[in-house]
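# A look at the structure
Residue-level listing of the chains:
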Amino acid sequence: NIRQKTVSLLCEIAIKKAGLLWDEGKKETVPGILLSVRDISSDKDNYTRLTLALCYYYENDGKYESVIDEMQKLISRFPDGIYEAGNIRIIAREKIQRMISMAGSKAYEKYETQARTLFTEASRKKNVDILKKTVLLYPNSRAAEESAMFLAEEYMARDKLSEAAETLQYFRRDVPESKFI
């Protein structure tokens, strides 16, 4: 596909130009370049690559909340996506966790609130789709852990044991430090 090859090349150029501008002390121009190319990139790999590059610059500039915002956008766009050798959600979760450890839990507060709202609605309605959405879209939230646990319990109550077991594997794979393990 010619368009995708052109966008990939443009992506490569933007990342290199961003590095040169950063090295020249023109760091304020870097996000604009990367975002403008990302805006025309519709494929998962280029979008992810540009987002990771953008986050690299934000992190080096001490803009930890911006990194969290971009990682949340990435998760929302590709919750089950694979980039290179890793799951996008897990890559983003780890980066968000690092930013929270550097900036404090307040940096993730708005997403924790969004996740809590979803979890409250889902648990009240016993809606497995909303519970899954909470787990997928907010992997760094306490509400995601609670949603996964509630989801496993709901599957067991519905006699869907394989789904319950799969949900519990979420903790082992994605949240090894969970209080539920």
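Scroll up for the structure.
Residues numbered from 1 in each chain as written. Predicted model: local features only at pLDDT ≥ 70, side-chain atom pairs only at ≥ 80, totals over all residues. Heavy atoms only, no water.

### Concerning the packing of aromatic side chains
This structure, assessed with the given rule, holds five aromatic pairs. Where Trp-22 meets Tyr-57, the ring centres are 5.1 Å apart and the plane angle is 45 degrees; that geometry is what we call tilted. Linking Trp-22 in helix H1 (residues 2-23) with Tyr-57 in helix H3 (residues 44-60), this pair joins segments that are 35 residues apart in sequence. Among the residues examined, Trp-22 registers a relative accessible area of 23% and is labelled partly exposed. On the basis of relative accessible area, Tyr-57 is assigned to the buried category, the value being 9%. Measuring from ring centre to ring centre gives 5.6 Å for Tyr-108 and Tyr-111, while their planes differ by 40 degrees; the resulting arrangement is tilted. One exposure class covers both Tyr-108 and Tyr-111, and it is buried. Through successive ring pairs, a cluster of aromatic residues spans Trp-22, Tyr-56 and Tyr-57. One Lys or Arg, Arg-77, reaches over the ring of Tyr-47 and ends 4.1 Å from the middle of that ring. (Phe/Tyr/Trp six-rings, centres within 6.5 Å; stacked < 30°, edge-to-face > 60°. Helix = DSSP H or I, 4+ residues; strand = E, 2+ residues; numbered from the N terminus. Buried < 20%, exposed > 50% of the residue type's maximum accessible area, 1.4 Å probe, protein only. Lys NZ or Arg CZ within 6 Å of the ring centre and 35° of its normal.)

### A word on the pattern of salt bridges
The final tally for this structure, using the stated rule, is 16 salt bridges. For Glu-59, the salt bridge goes to Lys-95, with nearest N and O atoms at 3.4 Å. Taken as a pair, Glu-59 in helix H3 and Lys-95 in helix H5 (residues 88-103) lie far apart in primary sequence, 36 residues in all. Each member of the pair, Glu-59 together with Lys-95, is buried. (Salt bridge = Lys/Arg side-chain N within 4 Å of Asp/Glu carboxyl O.)

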